Protein chains: 2
Amino acid sequence: MDYISQLKEWLGHERVTTNPTVLEHHSHDESYHAPHLPDVVVFPQTAQEVSRIMKLANEQRIPVTPFGLGSSLEGHAIPYSGGISLDFSLMNQVLEVRPQDFLVRVQPGVTRTQLNKELKKHGLFFSVDPGADATVGGMAATNASGTTSVRYGVMRDQVRDLEVVLADGRIIRTGSMTAKSSSGYHLTGLFVGSEGTLGAFTELTLRVYGIPEATVAARACFPTVQEAVDTVVDILAAGVPVARIELIDERSIRQVNLYKETSYPEQPTLFIEFHGSEQSLSHDVEFAQSIAGEHGCSEFLFETDSKARAQLWDVRHNMAYAFIHKSPGKKMMVTDVCVPFSELAGAVVDARQAIDRSGLDGAILGHVGDGNYHVILMIDLSDPAEVKRAEVLNAHLVEYALSRGGTCTGEHGVGVGKAKYQRIEHGEALDVMHSLKRVLDPNGILNPGKIFGA
Amino acid sequence: MDYISQLKEWLGHERVTTNPTVLEHHSHDESYHAPHLPDVVVFPQTAQEVSRIMKLANEQRIPVTPFGLGSSLEGHAIPYSGGISLDFSLMNQVLEVRPQDFLVRVQPGVTRTQLNKELKKHGLFFSVDPGADATVGGMAATNASGTTSVRYGVMRDQVRDLEVVLADGRIIRTGSMTAKSSSGYHLTGLFVGSEGTLGAFTELTLRVYGIPEATVAARACFPTVQEAVDTVVDILAAGVPVARIELIDERSIRQVNLYKETSYPEQPTLFIEFHGSEQSLSHDVEFAQSIAGEHGCSEFLFETDSKARAQLWDVRHNMAYAFIHKSPGKKMMVTDVCVPFSELAGAVVDARQAIDRSGLDGAILGHVGDGNYHVILMIDLSDPAEVKRAEVLNAHLVEYALSRGGTCTGEHGVGVGKAKYQRIEHGEALDVMHSLKRVLDPNGILNPGKIFGA
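Remember, it's a predicted structure, so these values are computed and weren't measured experimentally. (Residues numbered from 1 in each chain as written. Chains lettered and ligands numbered in written order. Predicted model: local features only at pLDDT ≥ 70, side-chain atom pairs only at ≥ 80, totals over all residues. Heavy atoms only, no water.)

1. Here we look at the overall build of chain A
For chain A, the helix and strand inventory stands at 17 helices and 18 strands. Computed over C-alpha atoms, the radius of gyration of chain A comes to 22 Å, within 12% of the 22 Å expected from 2.2 N^0.38 for 454 residues, which places it in the range of a compact globule. Taking the principal axes of its C-alpha atoms as reference, chain A extends roughly 70 × 55 × 40 Å. Considering chain A as a whole, with its 454 residues, one finds that 64% of them fall into the buried category. Residue pairs in contact within chain A that sit at least 24 positions apart in sequence constitute 71% of those at least 6 positions apart. About 15800 Å² of surface is accessible on chain A, with carbon and sulfur atoms providing 50% of the total. (Helix = DSSP H or I, 4+ residues; strand = E, 2+ residues; numbered from the N terminus. Rg over C-alpha atoms; globule rule 2.2 N^0.38 Å. Buried < 20%, exposed > 50% of the residue type's maximum accessible area, 1.4 Å probe, protein only. Contact = heavy atoms within 4.5 Å. Areas by Shrake-Rupley, 256 points an atom, 1.4 Å probe, with all protein chains shown as cover.)

2. So, the relation of the copies chain B and chain A
Take chain B, turn it by 180°, move it 0.0 Å along the axis, and it overlays chain A with an RMSD of 0.0 Å. Given the turn and translation reported, the copies of this chain are related as if by a two-fold rotation axis. Identified as the residue of chain B closest to the rotation axis by C-alpha distance is Ser-280 of chain B, at 2.1 Å. The fraction of interface residues of chain B whose copies in chain A are also interface residues reaches 100%, indicating that both copies meet through the same surface. (Least-squares fit on C-alpha atoms with pLDDT ≥ 70 in both.)

3. A closer look at the environment of Gly-123 of chain B
Residue and element names in this part refer to chain B. Relative to the helices and strands, Gly-123 is located in the loop between α4 (112–120) and β7 (124–125). For Gly-123, a relative accessible area of 32% corresponds to the partly exposed category. Expressed as a C-alpha distance, the spacing of Gly-123 and Ile-211, which sit 88 residues apart in the sequence, is 5.6 Å. In contact with Gly-123, not counting residues within four places along its chain, are Tyr-209, Gly-210 and Ile-211.

4. Comments concerning empty space enclosed by the protein
What the rule picks out here adds up to five cavities of 30 Å³ or more. The volume enclosed by the second largest cavity comes to roughly 150 Å³. Taken together, 20 residues make up the lining of the second largest cavity; nearest its centre are Pro-241 and Asp-284 of chain A together with Pro-241, Ser-280 and Asp-284 of chain B. Those elements that place two or more of their residues in the lining of the second largest cavity are β14 (269–276) and α11 (278–294) of chain A together with β14 (269–276) and α11 (278–294) of chain B. Here the element with the most residues in the lining of the second largest cavity is α11 of chain B; it accounts for three residues. (1 Å grid on protein atoms, 1.4 Å probe; cavity = no way out; pocket = protein on both sides within 12 Å on 5 of 7 lines; lining within 4 Å. Points joined across faces, edges and corners; volume = space filled by probe spheres on them.)

5. Some words on helix α15 (residues 384–402) of chain A
Because an α-helix completes one turn every 3.6 residues, residues spaced three or four positions apart along the sequence face the same direction. All names here are of chain A. Here α15 contains 19 residues, and its C-alpha end-to-end distance of 27 Å stays within 8% of the 27 Å for a straight helix at 1.5 Å per residue. Among the residues making up α15, those that are buried are Glu-386, Val-387, Ala-390, Leu-393, Asn-394, Ala-395, Leu-397, Val-398, Tyr-400, Ala-401 and Leu-402. Elements in contact with the buried residues of α15: β16 (331–334), α14 (341–358), β18 (372–379) and α16 (422–426). Here α15 starts with a cap whose side-chain oxygen sits 3.0 Å from the backbone nitrogen of Ala-385, and that cap is Asp-383. (Expected span 1.5 Å × (residues − 1). Polar contact = N/O pair within 3.5 Å; in protein donor to acceptor, adjacent residues only side chain to side chain.)

6. What about the interface of chain B and chain A?
Listed per partner, the contact involves 82 residues of chain B and 84 residues of chain A. Summing the contributions of chain B and of chain A, the shared interface buries around 6600 Å²; its carbon and sulfur component is 58%. When the buried surface of chain B facing chain A is broken down by residue, Lys-180, Ser-182 and Tyr-185 of chain B rank first, second and third, together holding 15% of it. The interface formed by chain B and chain A contains four salt bridges. We note a salt bridge from Lys-180 of chain B to Asp-370 of chain A, for which the minimum N-O separation is 3.2 Å. Seen at the junction of chain B and chain A, the total is 43 residue pairs in polar contact (both at pLDDT 80 or more). Tallied by class, the residues present in the side of chain B that touches chain A amount to 28 nonpolar, 36 polar and 18 charged. (Buried area = accessible area lost by both parts, 1.4 Å probe. Salt bridge = Lys/Arg side-chain N within 4 Å of Asp/Glu carboxyl O. Nonpolar A, V, L, I, M, F, W, Y, C, P; charged D, E, K, R; others polar.)

7. Observations regarding the environment of His-426 of chain A
Structurally, His-426 of chain A can be placed in helix α16. Along the chain, His-426 of chain A and Thr-407 of chain A lie 19 residues apart, while their C-alpha atoms are 9.4 Å from each other. Those residues in contact with His-426 of chain A that sit more than four places away from it in its chain are Met-433 of chain A together with Arg-173, Ser-183 and Gly-184 of chain B.

8. Some points on the packing of helix α9 (residues 225–237) of chain A against α11 of chain A
Residue and element names in this part refer to chain A. Where α9 contacts α11, the two axes come as close as 9 Å, and the packing angle between them is 140°. When the interaxial angle is binned, α9 and α11 end up oblique. Considering only the axes of α9 and α11, their crossing is right-handed. The residues of α11 that touch α9, namely those facing Thr-231, Asp-234 and Ile-235, are Ala-288, Ile-291 and Ala-292. Classifying every residue of the contact of α9 with α11 by side-chain character gives four nonpolar, one polar and one charged. (Axes fitted to C-alpha atoms, helices over the stretch in contact; angles between N-to-C directions. Parallel < 35°, antiparallel > 145°, perpendicular 65-115°, else oblique. Left-handed = near helix turned anticlockwise from the far one by under 90°.)

9. A look at the nonpolar core
Considering soluble globular proteins, one finds that nonpolar side chains tend to be buried as a cluster. In terms of nonpolar packing, the biggest core is built from 143 residues, with Leu-187, Phe-191, Leu-206 and Phe-274 of chain A together with Leu-187, Phe-191 and Leu-206 of chain B touching the most fellow members. The contact partners of Leu-187 of chain A, leaving out residues within four places of it in the chain, are Ile-172 and Thr-174 of chain A together with Ala-429, Val-432, Met-433 and Leu-436 of chain B. (Core = buried A, V, L, I, M, F, W, Y, C linked by side-chain atoms within 4.5 Å.)

10. So, the pattern of salt bridges
Considering all chains together, one arrives at 56 salt bridges over all chains under this definition. As a salt-bridge pair, Asp-129 of chain B and Arg-244 of chain B come within 3.0 Å of each other at their nearest N and O atoms. Of this pair, Asp-129 of chain B sits in the loop between β7 and α5 (136–142) while Arg-244 of chain B sits in strand β13 (residues 242–248); the two residues are 115 residues apart in sequence, bridging distant segments of the chain. Classification of Asp-129 of chain B as buried rests on a relative accessible area of 19%. Classification of Arg-244 of chain B by relative accessible area gives buried; the value is 17%. Taking the shortest distance from any N to any O, the salt bridge between Arg-254 of chain B and Glu-266 of chain B comes out at 3.2 Å. With Arg-254 of chain B in helix α10 (residues 250–260) and Glu-266 of chain B in the loop between α10 and β14, the pair connects residues that are 12 residues apart, well separated along the chain. Residue classification places Glu-266 of chain B among the partly exposed residues on the basis of a relative accessible area of 37%. Members of the salt-bridge network, linked through shared partners, are Glu-96, Arg-98, Asp-101, Arg-105, Asp-161, Glu-163, Arg-173 and Glu-203 of chain A.

11. Some thoughts on the domain arrangement of chain A
Residues and elements named next belong to chain A. Splitting chain A by domain gives domain 1 (3–89), domain 2 (94–210), domain 3 (214–321) and domain 4 (327–413). When each unit is reduced to the centre of its C-alpha atoms, the spacing between domain 1 and domain 2 is 22 Å. In this assembly, 15 residues from domain 1 lie in contact with 21 residues from domain 2. Of all residues in domain 1, Met-54, His-76 and Phe-88 bury the most surface against domain 2, accounting for 34% of the area lost on that side. (Domains from an automatic or database assignment.)

Written out as structure tokens, the structure reads:
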């Protein structure tokens, strides 16, 4: 019996499908990377089922590519070698909220907004916000982060324990429910960010936080990117507990003004969010404002009320749309380098010049508290010259970052898009990674082609 | 030529020694674990030297045990299989402070106080404070933490990049200078806490923080341990950015009163430290005080001035001494379990009962924001019955923690003392750890006997 028939016998026809529409849905993610069909899509419901599927795949050398919601940006979920697309959408239960422990135990198919809806009942929230309503399994697989990591950390900082099904079907737990541990090797940290190449996650224990008593949003405009970044460094040095701190460059503000017919000052702009107690916050905001003033800030606005906050951050939220809107039929390519703080202002200025040189149009958006910034490019995939220009620009940004102590991906992961930079970034450490991969997946069935390339 | 002669030829007689006094100094750590002499102590000065030593040791199957200052508490630095004690005291330079990046690049032999002295010139500090003036290499090897991890995280959270010499002499770098990265496997996290069993660190890039504008210390007494712990949960839930939050039980306060002839209230007591801006802090302290009041706090004192703060925390600082003082000739055994918050109060109450049952005398001290607590026992190593009672007590505490989602070691590491609990705690994941060990150290020369046992 072939493996697909075997899987159907075990799980039933509804959860093992070769339906062309379903295959197509599992052939791409949200990126510009070329699609590729899996041979079959399987919907497990338990870790034991995942284990059984994995054992069979391992024996028969069938590739297995985990699939959350397909919101990855570097082709992680695309099954370039065919085989099984392992879809976790039926494993989407919030299993246990432990308010006293600031922990939640979830299945990998739970989405970020689904989780936060459940946590809100307990006065808690999950901090990682990558923008997309991704699954927590996918977010752990790519070590996602986003706007809040300056305060709360990245996905790896939130994962306390993973249940992982290994390539040979073994089911292990990598951590515990404690805030810290020095017991054994840090397998949790190794599996987070492994992009489905070392195992498939079937349960996650995540750290959550109390919803802050008060939130203040602020928007501050600066004469130059350098002065905006210097403000961020001074705010962080003073230990002001900012929860988000985002930079958008003047060209991007101009595009929002065009798109929304608004008149925001076309200057490098910081969007800051403060979390804390009501009274502490008023001092934090005042302090941040005085720092911004020292760096030539011409306009510093802040709002406490939830609607007014949303209005204040309107430019930030509309930026991607502003570029998408003017580029019908094009696909989005988002770059993702991260540099040390001291290199950030120079890197953003260089990125703007590189965009202009490329003849492409793009926004620059920075999670500036982390030194991570994105260039959002709209490209016509049917125009090979335009695709080439975008790839050259992306390569330039990566090389710039790597030459200054940076990384080729701050939060999107390697997938296929950044595989070619792994040797330059990691040197001989890449061989160590490869040897870990081989020992845990000797037959190479787990998400082949990702991280290490074809 | 034997390997010691070879090493002497390479490094000179002064840096390769079999002097009995030096061997003895490298035969023990600060714990109660039995000493064992190395065959030779080697003092490298560069990564290249470490690489050359390692290659030779690997070829000739000579055990290599890295040595910082010998302040470990579970026998990590004791060379139970003899061979080379690799002493990093000559690699003790602060190589580069990067204030704008909140980073410092150091050699592994740099100590915590040495580092903070250097950082202070730049208005910065290194956050991890395990009590002992350990080396940063040793702290990274055990994933040390201490009083400040509730705010700033543990050692693993501070290490951005490691230069590691592998068993075969390869020199790799595991990370970058960026605040975050999703590029490749998280080798930094894997090597931190690996206790010298996967490689030797020759350089570390560490995250540092701006010295807060203001610091407030507080001391709060409660009727019960449960009410003290509930206060901590509420303070953390409200997002009050406390920097330290320590619990000492009433028996321990009594011992300090006896030792120091003081009259501190003999009640479960929280010691809290707040870091922030002056004005935010006054609100944070007020808020914490009102939470404590809701949980029956009978006395809440706080101080801002540095001397007055030290005075307020006097009990905390004197606790270990109070027990050491009354136990001349005895050695200290410190337990180190960590449990989920919701289990902490019960665990501390159970620990006190278990101490009383054991007929031993001991202090309980908790890094209560992390769920990590220590029982400090003074034991007479020449009395096998007393040693046995201490071991039974330690085993009870570990089993209690493991049965409630905890870990056998919150911050001291496995060494030899916790090796026997690794299978219970990690299950099949221990086999995965072992397979990583074998692939990186196939000849088993790196700190043999540690983590995995003999």
